[in-house]
Amino acid sequence: QVQLVESGGGLVPAGGSLRLSCAASGSIFRINAMGWYRQAPGNQRESVALITSTGIINYTPSVKGRFTISRDNAKNTVYLQMNSLRPEDTAVYYCNAVIETQRFGIANAYWGQGTQVTVSS
């Protein structure tokens, strides 16, 4: 079994900062891509930032220059530093990781439970 546990959400005023963390644990052979998604009420879940095992990074245009994704492979952890937060960033943020649980096994996508980020205007 694999678990992703997120932390770091909360309520901040516009212009503020938050740092999200997501730690993977359990039966892990290798973690491939890791990323952050978000879902606001009434909206579909959208990709925010992704980072591959080799460090290739992709951001959705609305967060470029404000958010920074990083990962610590030794800790099986991915981070999302969010600066200059805007009310439209308000959403539940979900961690995602593509994980192989055994050598030569199939990689599956796992999700965290979600953490609420609320930005007040």
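Above this text sits the structure in question.
Scoring rules and cut-offs
Residues numbered from 1 in each chain as written. Predicted model: local features only at pLDDT ≥ 70, side-chain atom pairs only at ≥ 80, totals over all residues. Heavy atoms only, no water. Helix = DSSP H or I, 4+ residues; strand = E, 2+ residues; numbered from the N terminus. Rg over C-alpha atoms; globule rule 2.2 N^0.38 Å. Disulfide = S-S within 2.5 Å. Buried < 20%, exposed > 50% of the residue type's maximum accessible area, 1.4 Å probe, protein only. Core = buried A, V, L, I, M, F, W, Y, C linked by side-chain atoms within 4.5 Å. Contact = heavy atoms within 4.5 Å. Pairing = 2+ DSSP bridges. Phe/Tyr/Trp six-rings, centres within 6.5 Å; stacked < 30°, edge-to-face > 60°. Lys NZ or Arg CZ within 6 Å of the ring centre and 35° of its normal.

S.K.: Would you take a moment to explain the overall build of the protein chain for this structure?
M.R.: Helices and strands together make up the secondary structure of the protein chain, namely 0 helices and 11 strands. Traced from its N-terminal end to its C-terminal end, the protein chain shows the element sequence β-β-β-β-β-β-β-β-β-β-β. Here the C-alpha radius of gyration of the protein chain, 14 Å, is about what a compact globule of 121 residues would show, namely 14 Å. Taken along the three principal axes of its C-alpha coordinates, the protein chain extends 50 × 25 × 25 Å.

S.K.: Would you mind going over the state of the cysteines with me for this structure?
M.R.: Where two cysteines share a covalent bond between their sulfur atoms, that bond is called a disulfide. Across all of its chains, the model carries 1 disulfide by this definition. Disulfide pairing places Cys-22 opposite Cys-95 at an S-S distance of 2.1 Å. Its torsion about the S-S bond being -80 degrees, the disulfide of Cys-22 and Cys-95 is classed as left-handed. Of this pair, Cys-22 sits in strand E3 (residues 18-26) while Cys-95 sits in strand E9 (residues 91-100); the two residues are 73 residues apart in sequence, bridging distant segments of the chain. By the burial criterion, Cys-22 is buried, and Cys-95 matches it.

S.K.: What is the right way to read the nonpolar core from this model?
M.R.: Here is a general trend for soluble globular proteins: nonpolar side chains tend to be buried in one another's company. One finds Trp-36, Leu-80, Met-82 and Tyr-93 to be the most contacted residues of the largest nonpolar core, which totals 30 residues. Those elements giving two or more residues to this core turn out to be strand E1 (2-7), E3, strand E4 (30-39), strand E5 (46-51), strand E7 (67-72), strand E8 (77-82), E9 and strand E11 (115-120). With 5 residues, the single largest contributor to this core is E9. In contact with Tyr-93, other than residues within four places in its own chain, are Glu-6, Leu-20, Trp-36, Tyr-37, Arg-38, Val-48, Phe-67, Leu-80, Met-82, Gly-114, Thr-115 and Val-117.

S.K.: Would you mind going over the pairing of E9 with me for this structure?
M.R.: Side-chain positions along a regular strand alternate between the two faces of the sheet. Within E9, 8 of the 10 residues are buried, which leaves the element mostly enclosed by the surrounding structure. Bridging between E4 and E9 involves 8 bridges; their strand directions are antiparallel. Across the sheet, Tyr-37 pairs through a bridge with Tyr-94, a residue of E9. Bridge count for E9 against strand E10 (residues 107-111) is 5 bridges, and the pairing is antiparallel.

S.K.: Any chance you could explain the environment of Trp-111 here in plain terms?
M.R.: Of note, Trp-111 is situated in strand E10. What Trp-111 contacts, discounting residues up to four positions off in sequence, is Leu-4, Tyr-37, Arg-45, Tyr-94, Cys-95 and Asn-96.

S.K.: Explain the packing of aromatic side chains here, please?
M.R.: For any pair of aromatic rings, geometry is given as the distance between the ring centres together with the angle between the planes. Scanning the entire structure with this criterion turns up 1 aromatic pair. Arranged with centres 4.9 Å apart and planes meeting at 65 degrees, the rings of Tyr-37 and Trp-111 form a pair that is edge-to-face. One end of the pair, Tyr-37, is in strand E4; the other, Trp-111, is in strand E10, with 74 residues separating them in the sequence. Accessibility expressed as a relative area gives 38% for Trp-111, which makes it partly exposed. Sitting over the face of the ring of Tyr-94, Arg-45 holds its NZ or CZ atom 3.7 Å from the ring centroid.

S.K.: Is there a simple way to think about the side chain of Asp-89 in this case?
M.R.: By the secondary structure assignment, Asp-89 is in the loop between E8 and E9. Asp-89 gets classed as buried once you look at its relative accessible area, which sits at 1%.

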